[in-house]
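Single-letter residue listing:
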Amino acid sequence: MQFEVLAKCHTTRARVSRMRLAHGVTMLPTFMPVATQAAIKGLTPQQVEALGINLILNNTYHLNLRPGIQVLKEAGGAHKFQGWSHNLLTDSGGFQLVSLSKFTKITEEGALFASPFDGQPTMLTPEESISIQHAIGADIIMQLDDVVSSLTVGPRVEEAMWRTVRWLDRCIKFHQKSGRDDVQNLFAIVQGGLNPDLRDKCLDEMIARKDRVAGYAIGGLSGGEEKDIFWRVIKQCANKLPEDRPRYSMGIGFAEDLLVCVALGVDMADCVFPTRTARFGVALTRTGPLNLRLSKHATEFRPIEDDCPCPTCANGISRATLHHNATLETATAHAITQHNLVFQARIMGGARDAIINGTFPEYLKSFFANYFGDAGYPEWCVNALKSVGVDLLEGRPDIKVMPGDGARWEYSDAA
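Residues numbered from 1 in each chain as written. Predicted model: local features only at pLDDT ≥ 70, side-chain atom pairs only at ≥ 80, totals over all residues. Heavy atoms only, no water.

### A word on the sheet that holds strand β6 (residues 87–90)
Thought 1: In space, the 8 strands of this open sheet follow the order β4-β14-β13-β12-β11-β10-β6-β5, with parallel pairing throughout. The outermost strands of the open sheet, each flanked by one partner alone, are β4 (30–33) and β5 (55–58). For this sheet the average axis-to-axis angle between neighbouring strands, irrespective of direction, equals 25°.
Thought 2: Note: strand β12 (residues 215–218) against strand β13 (residues 247–249), 3 bridges, orientation parallel. Paired with Ile 218 across the strands is Ser 249, a residue of β13.
Thought 3: Sheet strands in contact with helix α8 (residues 196–208) are β11 (185–190) and β12, and its direction is about 160° off that of β11.
Thought 4: Lying over the sheet, helix α9 (residues 227–240) contacts β11, β12 and β13, oriented at roughly 165° with respect to β12. (Pairing = 2+ DSSP bridges. Helix = DSSP H or I, 4+ residues; strand = E, 2+ residues; numbered from the N terminus. Axes fitted to C-alpha atoms, helices over the stretch in contact; angles between N-to-C directions. Contact = heavy atoms within 4.5 Å.)

### Brief notes about the pattern of salt bridges
Thought 1: Under the definition given, this model contains 27 salt bridges.
Thought 2: Across the pair Asp 146 and Arg 156 runs a salt bridge whose closest N-O atoms are separated by 2.8 Å. Here the residue Asp 146 occupies a position in the loop between β10 (140–142) and α7 (155–178), and Arg 156 occupies one in helix α7, the gap between them amounting to 10 residues.
Thought 3: By relative accessible area, Arg 156 is classed as partly exposed at 25%.
Thought 4: We note a salt bridge from Glu 205 to Arg 209, for which the minimum N-O separation is 3.0 Å.
Thought 5: Overall, the relative accessible area of 11% leaves Arg 209 in the buried class.
Thought 6: Connected via shared salt-bridge partners are Lys 8, Arg 13, Arg 15, Glu 243, Arg 247 and Asp 267. (Salt bridge = Lys/Arg side-chain N within 4 Å of Asp/Glu carboxyl O. Buried < 20%, exposed > 50% of the residue type's maximum accessible area, 1.4 Å probe, protein only.)

Shown next, in the form of structure tokens:
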């Protein structure tokens, strides 16, 4: 990996970087769509490439179960298997320790899973996780971490944090012995729950291993914790992580979350949100999500967004057409998916341009004004951005500030 910081925001911690990997250059900050089973649901690799996307995520746990490592090896790796010629990141399978917890037993050796398909036991050790990711051939690979729900408290959080550190050492040792550390780049994952002291201890341990990892991820969040705690953990980690390594916040997908994380110093994020929400008929726009299933859109003959370059909008497919077939025809899910991925890419691309041009604070203020309108700003966003010098309320004394996560959705035709 070649990683170079090209520009920094004069106010916030945001930055623009160039990350060169074996399959090309990815400009940061960026959003990574999730191709869990070696496919972005509903789209071909050629369609994804045509949207301007050049870094996606595959799931190690699921690819190990199906199609299996032998098939991937015979195919020449996941790039060839799925017809993807650009950059690829794999998670380690650690998240499944939470999402499939009822099928899992954690020991110091590793995680013992019962397959959700046939119930057969599978032991995933740190070494096995790296071995699977070697077979997949991803450009960025993640250490196996001991993941607990972000709502977990008590001694289990510290236990998981220290085990994550020990498992990192095992991942590093196995990866370096393989001789693949020059083409596949290992990232460490910072754990510690919502406890600042544990996060600091984990950060110190991970940073002490800086010369043996290519980058860092912030894990253990986006599991239902309060947003006002979420952003403080992100800031704590981003502030302390090395300047010359990429920083990846795992599981972040809402537009406001992405931009706050960028302002706090995050370079990369991933989430199933834009593709999953598309399959439920929800399109993402600069004025907030549109629930195209609602009857209010039945006679709207304009595209989702007039200035959007995605194939759906550029070809003039109307909101009315999408409403007519939302959740009924797969073609509609595909059309909204393309739009949503381009929306995410435009949000991050706009951030990169603004950072380079020295206008990122203004970009943030404009985005939040358009996205939330007169409905009011989420209090956590106001607090988070104020902590890095951006006052969303400046010049807007009458704007409401909403407690809670403040996510904006169309729930009814009256919305």
